Every structure is written in C-alpha cells, then in structure tokens.
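So the chains spell out like this:
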Amino acid sequence: MPESTSAPSAPVAPCAPEDVRRIACIGAGVIGGGWVAHFLARGYDVTAWDPADDAEEKLRRLVAAAWPALEQTVLADGASPDRLTLAPTLAEAVADADFVQESAPENLELKRSLLAELAAATRPGVVIASSTSGYPMTDMQTAAGDAGRLVVGHPFNPPYLIPLVEVVGGERTDRAAVEWASRFYDLAGKSVITMDRELPGFIANRLQEALWREALHMVANGEASVEDIDASITEGPGLRWAFMGPCLTFALAGGEGGMAHMLDHFGPSLKSPWTRLAAPELDRELRDAMVDGCAEAAGGRTYADLVAERDQGVIDVLRATGRLGSTRR
C-alpha cells in the first residue's frame, strides 16, 4: 500500500485554518446536510449547493431539526442557521470559499468528475475534502488538474454530533494539505484521526463492517433478531466503547496482567469459529428480514422521532463523558 501523502511541501491554502470564514458544502443529503449544520454551529458562513430540485427545502429542514440538539452543545459566538446560503451553481458556491466539503453520493466516477470540477472552480490552493465513506483519494483524484489539495475528510453520521473525522490524502496529495485539513477540523470542533496511509474504508468503517457482516449472518441464519442484535450492543459492549475502545476494554479483561495476560489466556479462542467475516448473500429473504426487523424495532416511531432520539442519546453520552467540548475558534 503506497504512502498516502507526498514529501513535505509548502502550505497550499490561501489562508490559515484559523482564518477560515466561509465554507462551501457540495452535496446536501444526510451527510452533506449534517456537515452544514455542524459548520453553522461552529460559527462559519456556509454556502451549499446540490443539484436536486428540492435540495434547499430538505436542507433547511435538516438544519432546523438538528438545531435543538446543537443548542445543547457549545455553540460558537454568532452561530446561526441564518448564515446558510444556497447557491444556484457549483461555481458560485465555491467562488469565495476558504474550504470545501464534498459530500456527493458514493459513486466513483461521479466523485472523480466532481472533484476535478471543484479543483478547477475553486481559488488556487483551497483545500477540498471528500466525505467518502470508502474510496481512497488516489482513486478519486485521477481526473483533477490540481490534485495536491484533495483530501479525504470522512465523518460519521450525524456529522454535527459525532466528533470523529478521518483525514488522509492520496498519492498526489501534498502533505501540507493533509496537515492543513487536520488542523482546520480540529479548530472546527472535530476529533481528528490523521491517517499515515490509505486504507479502503478507513479505520472505523472497517471495524463497523466486521460487526455488520456478523449481524447479517445471524439474521440470515435465524440465530438472532434485529432487536436482539441491537440490544446486545446498546446493553453490552457499546456502553464500554462509548468511552474506552475495544483494545483497552480487552486489556482490562486480563486483570492486572493487562493485554499480555488477556492474549496469553484467551488467544486460543481466536481460532474458535465465532465470526464469519465473509459477507453473506444479500438475497431478497435477508433484505426483507432486515427491513421488517427494523420496522418492528422502531415500534411505530417515525424517522424524525428516531433522529431526535439518536441525537439526544449522543448528547447525553457526550455530556456524561465530558466530551461536549468547547468552541476553539
């Protein structure tokens, strides 16, 4: 696997991360709209663009729905939904942007053409980050004329509450662009992992995917219901993972001997057939079982109800673990 960034280079951006004032968000779906809400809450001016006819209506509705949760966090001075502008064209959206967050659908050819268009339309040196959940930047930057400032800035849903963002460049990305983006996200209130090299799916998605595949196997084989699987996490290891990751959690299982004792004692169980990492066939039967199981688990709650419940739950966990944060702008 090649290194994710090139040799050190001069700073590429026209302004320092501390001086960013206007952000362009390209794509205004669930993730793009979540980024919009986050940046507004951090006191930035945001210009958004999305080609859908009803994009503005949906985006403003998303921001309005997110704002009550955001008001429980530490809003930056001047933070307001009124600082959102919708641009009629992509070029107008990025014309005076200090930073660009791209959140288009997960389609490689679309990402390639869009990033090339963004690189041509933005001011020289403006860092452009993609919210891709799996594509390496090396694969996405092939058509861009100025690829040195293209980075991955992978968030987690909802971006306005989940702190994590994973930052990594591609083979043509300048190291200075990765450093700039990491510093900017930190100032914008995110918890940043700056990856040393590219990895398809990045770090957290690969871990999520392993859990997700095993869940699908259990449903497909009639071994557990959707509700059982969710409860096994929310009532079990999820409570520990909220403040201590799986590695330290397993280290505690070794008692005072720590991870060394845990591996020596439980290491043989790694050979036990406890997991099936190959994905199951997503046939119609499994699809319907998952859809019906989630509907049953929702218990009549609407999408809006579940979003509000999720957001409040995240706020409660962040508050309980002392991680609501503070504005650093």
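Nothing here was measured: the structure is a model prediction, and the numbers come from that model. (Residues numbered from 1 in each chain as written. Predicted model: local features only at pLDDT ≥ 70, side-chain atom pairs only at ≥ 80, totals over all residues. Heavy atoms only, no water.)

**Student:** Teacher, can you tell me more about the nonpolar core here?
**Tutor:** Proteins that are soluble and globular tend to have nonpolar side chains buried together. Ranked by size, the top nonpolar core spans 43 residues in total, and within it Val36, Phe39, Leu84, Phe99, Phe184 and Tyr185 carry the most contacts. Of all the elements in the fold, those that place two or more residues in this core are strand S1 (22-26), helix H1 (30-41), strand S2 (45-49), helix H2 (55-70), strand S3 (84-86), strand S7 (164-169), helix H6 (175-187) and helix H13 (303-320). Apart from residues no more than four positions distant in its own chain, tyrosine 185 is found in contact with Trp35, Phe99, Gln101, Ala129, Gly153, Val165, Val167, Lys190 and Val192. (Core = buried A, V, L, I, M, F, W, Y, C linked by side-chain atoms within 4.5 Å. Buried < 20%, exposed > 50% of the residue type's maximum accessible area, 1.4 Å probe, protein only. Helix = DSSP H or I, 4+ residues; strand = E, 2+ residues; numbered from the N terminus. Contact = heavy atoms within 4.5 Å.)

**Student:** So what exactly am I meant to see when it comes to the packing of H1 against H2 here?
**Tutor:** Helices that pack against each other are described as a pair by the angle of their axes relative to one another and the distance between those axes. Where H1 meets H2, the closest approach of the two axes is 9 Å, and the angle between their N-to-C directions is 50 degrees. In this view, H1 runs oblique relative to H2, as classed from their interaxial angle. Between H1 and H2 the crossing geometry is right-handed. Where H1 abuts H2, its residues Val30, Gly33, Gly34, Val36, Ala37, Leu40 and Ala41 lie against Leu59, Leu62, Val63, Ala66, Trp67 and Leu70. Of the residues in the contact of H1 with H2, the class split is 11 nonpolar, two polar and no charged. (Axes fitted to C-alpha atoms, helices over the stretch in contact; angles between N-to-C directions. Parallel < 35°, antiparallel > 145°, perpendicular 65-115°, else oblique. Left-handed = near helix turned anticlockwise from the far one by under 90°. Nonpolar A, V, L, I, M, F, W, Y, C, P; charged D, E, K, R; others polar.)

**Student:** How should I be thinking about the environment of tryptophan 49 in this particular structure?
**Tutor:** Relative to the assigned elements, tryptophan 49 resides in strand S2. It is 36 Å that separates the C-alpha atoms of tryptophan 49 and tryptophan 241, two residues lying 192 residues apart in sequence. Non-local contacts of tryptophan 49, meaning those with residues more than four positions away in its chain, are made with Cys25, Ile26, Gly27, Ala28, Ala87, Pro88, Thr89, Leu90 and Ala93.

**Student:** Honestly, the pairing of S7 in this entry has me stumped. Any pointers?
**Tutor:** Within a regular beta strand, the side chains point alternately toward one face of the sheet and then the other, so they alternate between its two faces. For S7, a buried count of five out of six residues is recorded, marking the element as mostly surrounded by other parts of the structure. Bridge count between strand S6 (residues 150-155) and S7: five bridges; the pairing is antiparallel. Within S7, the position partnered with glycine 153 by the bridge is valine 167. Note: S7 against strand S8 (residues 191-194), four bridges, orientation parallel. When the sheet's bridge partners are listed, leucine 164 is paired in S8 with serine 191. The parallel pair S7 and S8, bridged by H6, forms a crossover whose chirality is right-handed. (Pairing = 2+ DSSP bridges. Right-handed = clockwise from strand over helix to strand, strands pointing away.)

**Student:** How should the pairing of S2 be read in this particular structure?
**Tutor:** Across the five residues that make up S2, a large majority, four, are buried. Bridging between S1 and S2 involves five bridges; their strand directions are parallel. When the bridges of S2 are listed, isoleucine 26 appears paired with tryptophan 49. Once you follow S1 into H1 and on to S2, the crossover reads as right-handed. As paired strands, S2 and S3 are joined by three bridges and run parallel to one another.

**Student:** Quick question: what am I supposed to make of H6 here?
**Tutor:** Taking 1.5 Å as the rise per residue, H6 with 13 residues should run 18 Å; its terminal C-alpha atoms sit 19 Å apart, in good agreement. Taken together, the buried positions of H6 are Ala176, Ala177, Val178, Trp180, Ala181, Ser182, Phe184, Tyr185 and Leu187. (Expected span 1.5 Å × (residues − 1).)

**Student:** In this structure, what is going on with H2? I would like to understand it.
**Tutor:** For the α-helix, the turn length of 3.6 residues means that residues three or four positions removed from each other point alike. Compared with the 22 Å implied by 1.5 Å per residue over 16 residues, the 22 Å span of H2 between its first and last C-alpha is a close match. Close packing links the buried residues of H2 with H1, S2, S3 and H13.

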